[in-house]
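Below, each chain spelled out in residue letters.
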Amino acid sequence: MEERLKKKKLSELFHSNESEFIAVYGRRRVGKTYLISEYFQEKGIYFEVTGQLSAKVSDQLENFSQSLANTFFQGIELQKPKTWKQAFNQLKNEISKASSSKKIILFFDEVPWLASRKSGFISALEYFWNTCASRYKNIKLIVCGSASSWMIQKIVNSKGGLHNRITASIRLMPFNLVETKAFCNYRGLNLNDRQLLDIYMIMGGIPHYLRQLKKGLSAIQNINEICFTKDGFLVNEFDRLYDSLFDDSKDYKAIVTALSKKRKGLVRKELLAVIGAKPGGKLHRILKNLEEAGFIDSYQAYKKKHKE
Ligand SMILES: Nc1ncnc2c1ncn2[C@@H]1O[C@H](COP(=O)(O)OP(=O)(O)OP(=O)(O)O)[C@@H](O)[C@H]1O
Ligand SMILES: [Mg+2]
């Protein structure tokens, strides 16, 4: 989605005379957090809490409590909730006291980490939406997360989870070539079209990576520095990225590594051998999640009836 369209959609949702429950997802590092906080931060009462990787429920609740204090109590420490149900009740209380003429933005970032198994986050959030947020007209509830297996199952797929409550969902895509060019120009990088294309082929329109480009270096020098020097920014990114996205990241990495070595791609039978799995569930799930996460594409071979 082009930058302008994203803003337009957010603007419509912001100005609507109803509460909205918005899901934003997309590849890691694609600019989700930036887009949402930049657009909403100054537009009303702004509450933001971010899930923490591998943290205990009590730590996540502490972060929530801190955010609540910052937004509604000038940072004065509050009694910490013990469960998500209690946490959302506190939020409900504050919302009921706020003026209905102001928009209230509630931004839950990295939701998959907030909603760890048995944490009770999802059901508390759903209950909060049903009994509180949806009954007001001025609340914009935003859940955001990377396109991980979790996000896809609970938010994007139509079965179960929060899907039935979501009023709008936005999948954020990387910059296209035109946007990448604009971004590089904006950052004062002096690249000709050929260099721009080299950069785009390697970084694929991901702003977080494009930000690493240095002025005064050619495309090749930049790529060398970022990808191939010892402390290069992208050297360990593959591991970091996959570990943060997928619980069983080992199989995901093996599949992607195998695919990257064959220009024409691989058929399912070959991929099964890579992870030593039997036909059926597991490979299907991995491929589907990789596709949703924006890392691979599947296509049907010419003149063949079935996807291989
Ligand atoms: N439209 C943009 N213009 C300029 N800079 C951007 C833009 N979008 C993102 N960035 C920059 O790219 C970096 C990554 O963006 P951001 O953290 O929002 O991505 P994300 O999708 O939330 O990533 P993660 O999945 O890791 O949470 C940030 O440092 C941000 O400043
Ligand atoms: Mg983010």
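Residues numbered from 1 in each chain as written. Chains lettered and ligands numbered in written order. Predicted model: local features only at pLDDT ≥ 70, side-chain atom pairs only at ≥ 80, totals over all residues. Heavy atoms only, no water.

An unreviewed UniProt entry lists the protein under the name ATPase, with Candidatus Magnetoglobus multicellularis str. Araruama as the source organism.

Now for the site of ligand 1. Ligand 1 sits among 15 residues. The nearest are Arg29, Lys32, Thr33, Tyr34 and Arg211. Side-chain polar atom of Thr33 to an oxygen atom of ligand 1: 2.7 Å apart, as the coordinates give it. In this structure, Arg211 approaches ligand 1 through a side-chain N or O atom, which is 2.4 Å from an oxygen atom. Compared with its free state, where it exposes 630 Å², ligand 1 has 82% of that area covered by protein. Using a 2 Å cut-off from the grid points, one finds that ligand 1 occupies the second largest pocket. (Near = heavy atom within 4 Å. Polar contact = N/O pair within 3.5 Å; in protein donor to acceptor, adjacent residues only side chain to side chain. Areas by Shrake-Rupley, 256 points an atom, 1.4 Å probe, with all protein chains shown as cover. 1 Å grid on protein atoms, 1.4 Å probe; cavity = no way out; pocket = protein on both sides within 12 Å on 5 of 7 lines; lining within 4 Å. Sits in = over half its atoms within 2 Å of the grid points.)

Before going further, it helps to examine the nonpolar core. Membership of the largest hydrophobic core comes to 55 residues, with the highest contact counts inside it found for Phe40, Ile142, Ile199, Met203, Leu213, Ile255 and Leu290. A per-element tally of this core places helix α13 (residues 249–261) first, with five residues. Among residues more than four places away in sequence, those in contact with Ile199 are Leu191, Gly204, Leu210, Leu213, Ala219 and Ile223. Ranked by size, the runner-up nonpolar core spans 39 residues in total, among them Ile45, Leu61, Ala124 and Ile166. (Core = buried A, V, L, I, M, F, W, Y, C linked by side-chain atoms within 4.5 Å. Buried < 20%, exposed > 50% of the residue type's maximum accessible area, 1.4 Å probe, protein only. Helix = DSSP H or I, 4+ residues; strand = E, 2+ residues; numbered from the N terminus. Contact = heavy atoms within 4.5 Å.)

A word on the packing of aromatic side chains. Across all of its chains, the model carries 19 aromatic pairs by this definition. For the ring pair Phe64 and Trp84, a centre distance of 5.6 Å and an interplane angle of 90° mean the geometry is edge-to-face. Here Phe64 is found in helix α3 (residues 57–72), whereas its partner Trp84 is found in helix α4 (residues 84–97), with 20 residues between them in sequence. By the burial criterion, Phe64 is buried, and Trp84 matches it. Sitting over the face of the ring of Tyr39, Lys43 holds its NZ or CZ atom 3.9 Å from the ring centroid. When the ring centre of Phe14 is taken as origin, the NZ or CZ atom of Lys103, which lies over that ring, is 5.5 Å away. (Phe/Tyr/Trp six-rings, centres within 6.5 Å; stacked < 30°, edge-to-face > 60°. Lys NZ or Arg CZ within 6 Å of the ring centre and 35° of its normal.)

Turning our eyes to something else, we now look at the pattern of salt bridges. Summed over all chains, the structure comprises 15 salt bridges. Among the salt bridges present, the one from Asp231 reaches Lys230, with a minimum N-O distance of 4.0 Å. Taking the shortest distance from any N to any O, the salt bridge between Lys253 and Asp239 comes out at 3.0 Å. A residue pair is termed long-range when its members are at least 10 positions apart, and Lys253 in helix α13 and Asp239 in helix α12 (residues 237–245) qualify at 14 residues. Lys253 gets classed as buried once you look at its relative accessible area, which sits at 17%. Each of Arg29, Glu237 and Arg240 takes part in salt bridges that share partners, so that together they form one network. (Salt bridge = Lys/Arg side-chain N within 4 Å of Asp/Glu carboxyl O.)

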